[in-house]
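The lines below spell out each chain.
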Amino acid sequence: MGSTATTTTADLASLRARLAEIGQDHVLNFIDRLDDARRGALLTQIAAIDLAGLPKLVDEYVKKKPGFVLAPDLAPAPFYAHDHRAEGGWDRATYKKAGEALIGAGKVAAFVVAGGQGSRLGYEGPKGCFPGGAVSKKPLFAIFAEGLLATERRYGKAIPWYIMTSPLNHEATVAFFKDHHFFGLRPQDVMFFSQGVMPSLDIRDGRMLMASTSEIATNPDGHGGSLKALAVSGALADMKKRGVEHLSYFQVDNPLVRVVDPVFIGLHAAAADSSGEMSSKMIPKAYPEEKLGVFCMANKKLDVIEYSDLPADLSKERGTDGRLKFLAGSIAIHVIGVSFIEKLNHDPAFSLPYHRAEKKIACVDPATGEAIAPASNNGVKLERFVFDALAFARKPIVYETDRLEEFAPIKNATGVDSVESCAQLQTARAAKWLEAAGVKIARKADGTPDCVLELSPLTALEPVDLVGKHLPKQIEAGARLAL
Ligand code: UTP
């Protein structure tokens, strides 16, 4: 939120004075040497920054590092167990039906957050364009589109898809969809909107870093920025016009996600202990040090505690059943009520906290304009996280899912959560589903499939969809097969 761009000399002098008051006037160091277009662009960029709020952010997140305070009543969050027949079980079929009814009535839309910078992967271009299919090398966006097409066909209803980009990848994302004819979806049901950005700050003193002599370095404001961007962009109004009541939220990096899951939607919308405002999926953490945020109750509210903030002794504690006490790992899949998003945007007290990340940010020296390629972290990036909105939801619920069924994020080029591990997980899930349908699969001595497999959501959204399909009898060692 800022004022309109400054144009006159007097305006410029007052802007300089305003910036000087908060120690940020270096951003105008080169203004007199810029051509009209660049000068205009820089002034517009400054006008969009909340200058009044900046000193507080610098103080809280750069000069000091916000410490984590462990809530005195911290406890593991309750959740709906994956095994609905276990003790304290729940009626899966009823909730599935409730979710299906909502999808069939056109009350559910999909929402992918695709505004991140994907810097760990190091891929040029929006991450959704990354060839994520284990065999086909299909782009991640294509895999999600297939999931939506299959769901639309199943329930006979269009499912609007909202795609959040950032100013840094918006045009490239839209062009990619156009080039690929929207992957078979109706263009009028695919809506793109951009999230906001934050200035990237110098780690030493909180001064805004300059990307060039005419541009302040910025970063997208985090997936939590989506809650405001949905309203500001008009996406929320579009949902209301279409009669959409719930958003199935997922990230752009997980090709195994069930883009619209009737059971989860049904639980979110119809469970007695859910307000239908915001619900989350979890998987049991595999080991205490696994880098997943954990669903906890803190100060009587549902919260996700980052893995680095959960004390080691707590993360290692086990219950009488031998499972970790703080078990529920967040996989960034949520269902969010449209009226909840609307409520938040009308609530003057609603504001998500920022999270601070130290990054290497390419920039120029504000005194000389010379390019700096930092060897170590030189900047602080401030982001909001969507799960912090859980604290604003009345009666949010958590639902346990099976890791192998829907969690294979591509975060890194190699190693943990990488392209390779994602391909292995796609293969493992496809092998499990195909074996259940009677296909013999070559396996290695350690039990893992000796082949690379990929199942399109158009072939099967869930294992039962393979029954009666024309499938190979057997998959040989070394095979690479996309079905
Ligand atoms: P990540 O936390 O993996 O961040 O985003 P990232 O920016 O994509 O990747 P790195 O950290 O630079 O390697 C998780 C999800 O949230 C989206 C991402 O696109 C991804 O789907 N996201 C993240 C946004 O939409 N906006 C943001 O500002 C940040």
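Participant: Where do I start with the site of the ligand in this structure?
Facilitator: In the neighbourhood of the ligand, 18 residues make up the surrounding shell, with V113, S119, R120, Q195 and G222 lying closest. Between the ligand and G222, the relevant distance is 2.8 Å, taken from an oxygen atom to a main-chain nitrogen or oxygen of the residue. Burial of the ligand by the protein chains amounts to 92% of its free accessible area of 570 Å². Along the lines of polarity and charge, the residues of the shell around the ligand split into five nonpolar, nine polar and four charged.

Participant: Sorry if this is basic, but what is going on with the pattern of salt bridges here?
Facilitator: Pairs may arise between side chains of opposite charge once their charged atoms sit close together. Applying the stated criterion to the full structure yields 34 salt bridges. Residue K107 pairs with E245 through a salt bridge whose shortest N-O separation is 3.7 Å. Of this pair, K107 sits in the loop between α4 (92–104) and β2 (108–113) while E245 sits in the loop between α8 (235–242) and β10 (246–251), and the two are 138 residues apart along the sequence. A relative accessible area of 35% places E245 in the partly exposed class. Note that R356 is salt-bridged to E358, the shortest N-O span being 2.5 Å. Among the residues examined, E358 registers a relative accessible area of 32% and is labelled partly exposed.

Participant: I keep staring at the environment of F144 and nothing clicks. Help me out?
Facilitator: By the secondary structure assignment, F144 is in helix α5 (residues 140–155). Assessed through its relative accessible area of 0%, F144 is described here as buried. Not counting residues up to four positions away in its chain, the partners in contact with F144 are W161, F250, Q251, V252, N254, P255, V257 and V259.

Participant: How should the nonpolar core be read in this particular structure?
Facilitator: The tendency in soluble globular proteins is for nonpolar side chains to be buried as a group. By size, the foremost hydrophobic cluster in this structure holds 53 residues, and its most contacted members are F141, F144, W161, I163 and F177. Broken down by element, the residue count for this core peaks at eight residues, all from α5. Counting residues in each nonpolar core, the second largest holds 37 residues, with F111, A229, L230 and L352 among its members.

Definitions and limits used
- Along each chain, the written sequence defines residue order, and numbers are assigned to residues from 1.
- Per-residue local features are limited, in this predicted model, to residues with pLDDT of at least 70; the limit for side-chain atom pairs, both in listing and counting, is 80 or more; totals at the level of whole chains, interfaces and linings are taken over all residues.
- Side-chain figures throughout are based on the complete set of non-hydrogen atoms in the structure, without hydrogens or water.
- Being near a molecule or strand, for a residue, comes down to having at least one heavy atom within 4 Å of it.
- Throughout this description, a polar contact denotes any pair of N or O atoms lying within 3.5 Å of each other; where both atoms belong to protein, one of them has to be capable of donating a hydrogen while the other can accept it, and for residues adjacent in sequence the pair is counted only when both atoms sit in side chains.
- All accessible areas in this document rest on Shrake-Rupley with a 1.4 Å probe, and a residue is counted as covered only by the protein chains that are shown.
- Each residue receives one of three labels: charged for Asp, Glu, Lys and Arg, nonpolar for Ala, Val, Leu, Ile, Met, Phe, Trp, Tyr, Cys and Pro, and polar for the others, Gly being one of them.
- When a carboxyl oxygen of Asp or Glu lies within 4 Å of a side-chain nitrogen of Lys or Arg, that pair is called a salt bridge.
- Helix and strand assignments follow DSSP, with helices taken as H or I runs no shorter than four residues and strands as E runs no shorter than two, numbered in order from the N terminus.
- Burial classes follow relative accessibility: with a 1.4 Å probe on protein chains only, a residue under 20% of its type's maximum area counts as buried, one over 50% as exposed, and anything between as partly exposed.
- For this analysis, residues touch if any pair of their heavy atoms sits within 4.5 Å.
- Definition of nonpolar core: a set of buried residues of the types Ala, Val, Leu, Ile, Met, Phe, Trp, Tyr and Cys, connected through side-chain atoms within 4.5 Å.

Such coordinate-based values are descriptive only and should not be taken to indicate function.
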